[in-house]
Structure formats: structure tokens, C-alpha cells
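Take a look at the letters that make up each chain.
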Amino acid sequence: MRDLAAVRETIESGWLTMGPKVAELEARFADAVGAAHAVAVNSCTAALHLSLEGLGIGPGDEVIVPSMTFTATAAVVAHVGATPVIVDVDPDTMNISVDAVRAALGPRTRALIPVHYAGQPVDMDELQTLAEPSGLAIVEDSAHCFPASFGGQLIGSIGDATCFSFYANKTITTGEGGMITTDDERLADRAATMRLHGMSKDSWRRFAGGPAMYDVGALGFKYNLTDPAAALGLGQLKRASFLRDRREMHALRYLELLGSLEGIDPLDVLPNRQHAWHLLVVRVTEGFPLTRDELDAGLRGMGIGTSIHYKPLHRHSFYRDTFKLAESDFPVASLAGDQILSLPLYPDMPEDTPDRVVRAIRYLAKG
Ligand SMILES: *Cc1c(COP(=O)(O)O)cnc(C)c1O
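Cut-offs used in this document
Residues numbered from 1 in each chain as written. Predicted model: local features only at pLDDT ≥ 70, side-chain atom pairs only at ≥ 80, totals over all residues. Heavy atoms only, no water. Near = heavy atom within 4 Å. Polar contact = N/O pair within 3.5 Å; in protein donor to acceptor, adjacent residues only side chain to side chain. Areas by Shrake-Rupley, 256 points an atom, 1.4 Å probe, with all protein chains shown as cover. Nonpolar A, V, L, I, M, F, W, Y, C, P; charged D, E, K, R; others polar. Salt bridge = Lys/Arg side-chain N within 4 Å of Asp/Glu carboxyl O. Helix = DSSP H or I, 4+ residues; strand = E, 2+ residues; numbered from the N terminus. Buried < 20%, exposed > 50% of the residue type's maximum accessible area, 1.4 Å probe, protein only. Contact = heavy atoms within 4.5 Å.

A.B. asks: Can you explain the site of the ligand? Please cite residues and give values.
C.D. replies: By nearness alone, 16 residues border the ligand, and Thr45, Asp141, His144, Ser165 and Lys170 come closest of all. One of the side-chain N or O atoms of Ser165 is found 2.7 Å from an oxygen atom in the ligand. One of the side-chain nitrogen or oxygen atoms of Lys170 is found 3.1 Å away from an oxygen atom of the ligand. In isolation the ligand offers 380 Å² of accessible surface; the protein chains occlude 92% of this area. Class assignment of the residues belonging to the shell around the ligand gives a composition of seven nonpolar, seven polar and two charged.

See below:
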């Protein structure tokens with residue numbers, strides 16, 4: 001396997017931590033998304049944290065995030081001392097509701113973190129129209145969304161910062177890993193410094209013949225990516241569009257088969273954007289004879305690996321209790337929390353998997 005050979009070569013080179021492969025991955029990734037800068041880190045969570053830190057967001061500030069997401073999207077806001085303002089989502093896409101964002105804007109709002117849910121880009125035109133007059137920053141949580149585009153612009157080149165995940169199940173992976181892309185040189189420099197203890201120079205530049213002395217100029221973090229991980233990422237990046245096309249092929253087959261299935265309702269696929277197809281999400285509605293949980297259990301019993309993305313943030317005890325959130329403030333995310341189910345979708349699954357899964361759903365529906 002080519003990925004394995006690249007990792008072996010990197011380990012044999014002696015670069016076990018951050019070195020030339022990380023720099024190469026950054027350069028290639030920036031190119032791939034049309035951004036001026038890319039800063040590699042060890043997770044998307046770190047990427048989001050460093051983006052907010054670099055934008056100077058902190059105590060007293062509010063950052064708007066959707067309820068239908070992974071905890072990291074909101075947790076990083078609290079980690080910089082700001083308040084996550086959690087809002088409802090759009091019923092057709094599970095992307096952040098633009099109306100809900102508008103209603104949540106206030107004098108303390110500093111930034112928005114839209115999530116390109118399932119890999120389908122948020123309407124960035126609408127969000128930018130909202131954000132620009134008030135000077136709000138847009139930090140995209142693009143953990144699901146690479147490679148993709150909105151209105152002909154690559155995701156990674158639109159917001160003030162875009163954060164990608166290379167976690168094991170994401171569209172490309174380094175095991176654990178992430179990336180910030182931005183056109184803002186100051187933000188990129190700050191993130192590059194803060195990912196490694198706030199030290200003035202990257203260790204690899206130091207070890208590669210730069211000055212041995214460094215200064216800790218800020219209270220930084222330990223968020224750097226490693227060269228063996230970056231070597232894995234370089235191989236994945238080369239295959240990214242092939243992998244996306246495989247995901248899309250499987251997804252379109254699902255949509256075709258599900259079109260005639262009463263009560264199983266896939267999310268809408270909107271025009272004017274390229275979908276990364278990280279997830280294939282359906283809603284199990286009243287028109288289906290089983291509840292979502294019954295169908296989920298049935299499919300698992302038949303050896304079909306399903307998942308739920310996500311239990312909405314407002315239902316997690318930490319967010320609910322800390323920010324006093326009520327079910328009734330999130331009618332769409334609450335209903336979706338009971339109805340959504342992610343069906344198996346990965347590039348190298350057998351071509352007949354969608355047929356097999358939909359046959360299983362029909363079988364379970366008959367009781
Ligand atoms: C996976 C994920 C993250 C976190 O990514 P890590 O690389 O695991 O830190 C953040 N947001 C969303 C929406 C995700 O799916």
C-alpha cells in the first residue's frame with residue numbers, strides 16, 4: 001500500500017515530529033483549496049480553537065454555532081472564554097439556519113461557526129451578507145467538507161478561517177489531524193506559533209539549521225501535526241477527488257433507491273455547490289412503520305453499521321445546564337435528533353451496499 005510506504009519512508013528519515021512533510025502537506029493543501037495559507041494541527045478541534053484565539057475572541061464575546069453538530073464546534077468557544085450561542089438548523093439540510101443566526105445577533109456577537117453538515121456547504125453568500133455589515137468573523141467548521149465548493153469557490157477559500165478534520169472517519173485522514181486555511185497572514189502566523197507552545201520558530205526550522213534559541217512570546221498549546229501523519233495525508237490528498245467521486249456514486253445510488261421508500265426522507269441536495277458526501281443522512285418520519293431507534297436497532301441486528309450525527313448540543317447535559325437551553329428553542333434540531341440516521345457511506349464499500357441496505361430497510365418495514 002502506497003500510504004504505508006510513505007509513512008515508512010518518513011519514519012526512516014528520522015522526522016518523527018513536525019518537519020518537512022508537514023510543510024509539504026500545508027503547501028499542497030493550501031493549493032488544493034485555493035487559500036493563501038494552511039496551518040497543520042493535530043485535530044479540527046485544535047484548528048477551531050486556534051482560529052478563535054487568533055481572531056482575538058475571548059471573554060465577553062459571543063459566537064453563534066448550530067445545535068446539530070459535534071461538541072467540538074461549541075466547546076472551543078467556551079475554551080477561549082467566550083459564550084457559544086447555540087441556534088437551530090435548517091430542516092432540509094441540517095445546516096445552520098440563517099434566520100436563527102439573524103435572530104441571535106447581538107452587540108457581543110463576534111463570530112459565526114457554520115458547519116457544512118454531512119459535507120454539503122452552507123449558503124456562504126447568505127452568511128457573508130449577514131456577517132459583513134457587523135464585521136463578524138466567519139470560521140467554517142469544515143470537518144465534513146473536503147473537497148467541496150460553494151458558488152464555484154472552493155471551501156477553504158471563503159471564510160476568515162476554515163477548519164478541516166483528518167480524523168479516521170473523515171473524507172481524508174491522517175488518523176488524527178486537522179488544518180486551518182486562511183488568506184489572513186497574521187492569523188496564519190499566530191496559529192503556527194500557538195500550535196507549538198507559542199515558540200517563536202517551528203522546531204523543524206530550528207532543527208533544520210536555524211538558530212537554536214527561541215522565545216516563548218505567548219501562552220501557546222501543543223497542537224502540532226507529525227511528519228508520519230503528514231506523509232499519510234499527502235497520499236490521501238492526492239486521492240481526495242477520486243475518493244469523493246466514489247462517495248458521491250454511492251450516495252446517488254442511495255437517493256435513487258430511497259426515492260420510492262415511504263417515510264425515509266434523505267436531506268435535500270442543493271444546487272450551486274459541490275457536496276463532499278461525508279455522510280448519507282436520512283430522516284425516519286411518521287410515514288415509516290418503525291421509529292428511528294427501532295430501525296437503527298434492526299439494521300445493526302442485520303450487521304449494517306449505522307450512526308447518528310448528532311444528538312443535538314442542546315440535549316447534552318453540559319450545554320443544556322450551563323447555557324440554560326430548552327428543547328422548545330430548537331424545534332428543528334429536536335425533531336431531527338429523534339429522526340436522523342446515517343447510513344453506511346465510505347469510498348471503498350462494495351458497489352451494491354446501497355441496494356443491500358435499502359433492501360434491509362424494506363424488509364424491516366414489513367415487520
Ligand atoms: C469530527 C468533527 C470535529 C472534530 O474533529 P477532530 O479532528 O476530531 O478534532 C469538529 N466538528 C465536526 C462537525 C466534526 O464532525
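A.B. asks: So what's going on with the pattern of salt bridges? Which residues, and what values?
C.D. replies: The tally for this structure, following the rule as stated, stands at 19 salt bridges. A salt bridge links Arg102 to Asp99, with the nearest nitrogen and oxygen atoms 2.9 Å apart. Taken together, the positions of Arg102 and Asp99, both in helix H5 (residues 98–104) and three residues apart, correspond to about one turn of that helix. In this structure, Arg253 and Glu256 form a salt bridge, with 2.9 Å as the shortest nitrogen-oxygen distance. Placement of the pair is Arg253 and Glu256 together in helix H10 (residues 240–258), with a separation of three residues, close to one helical turn.

A.B. asks: Tell me about helix H3 (residues 44–54), and please be specific about residues and values.
C.D. replies: For H3, the tally of buried residues reaches ten of eleven residues, placing the bulk of the element in the interior. Along H3, the positions that sit buried rather than exposed are Cys44, Ala46, Ala47, Leu48, His49, Leu50, Ser51, Leu52, Glu53 and Gly54. Structurally, H3 contributes buried residues whose contacts are with strand E1 (37–41), helix H4 (71–79), strand E5 (137–141), strand E8 (161–165), strand E9 (178–182) and helix H7 (185–194). Of the residues that open H3, the one with a side-chain oxygen 3.3 Å from the backbone nitrogen of Thr45 is Ser43. Where H3 terminates, the next one or two residues include Gly56, which has phi positive at roughly 75°.

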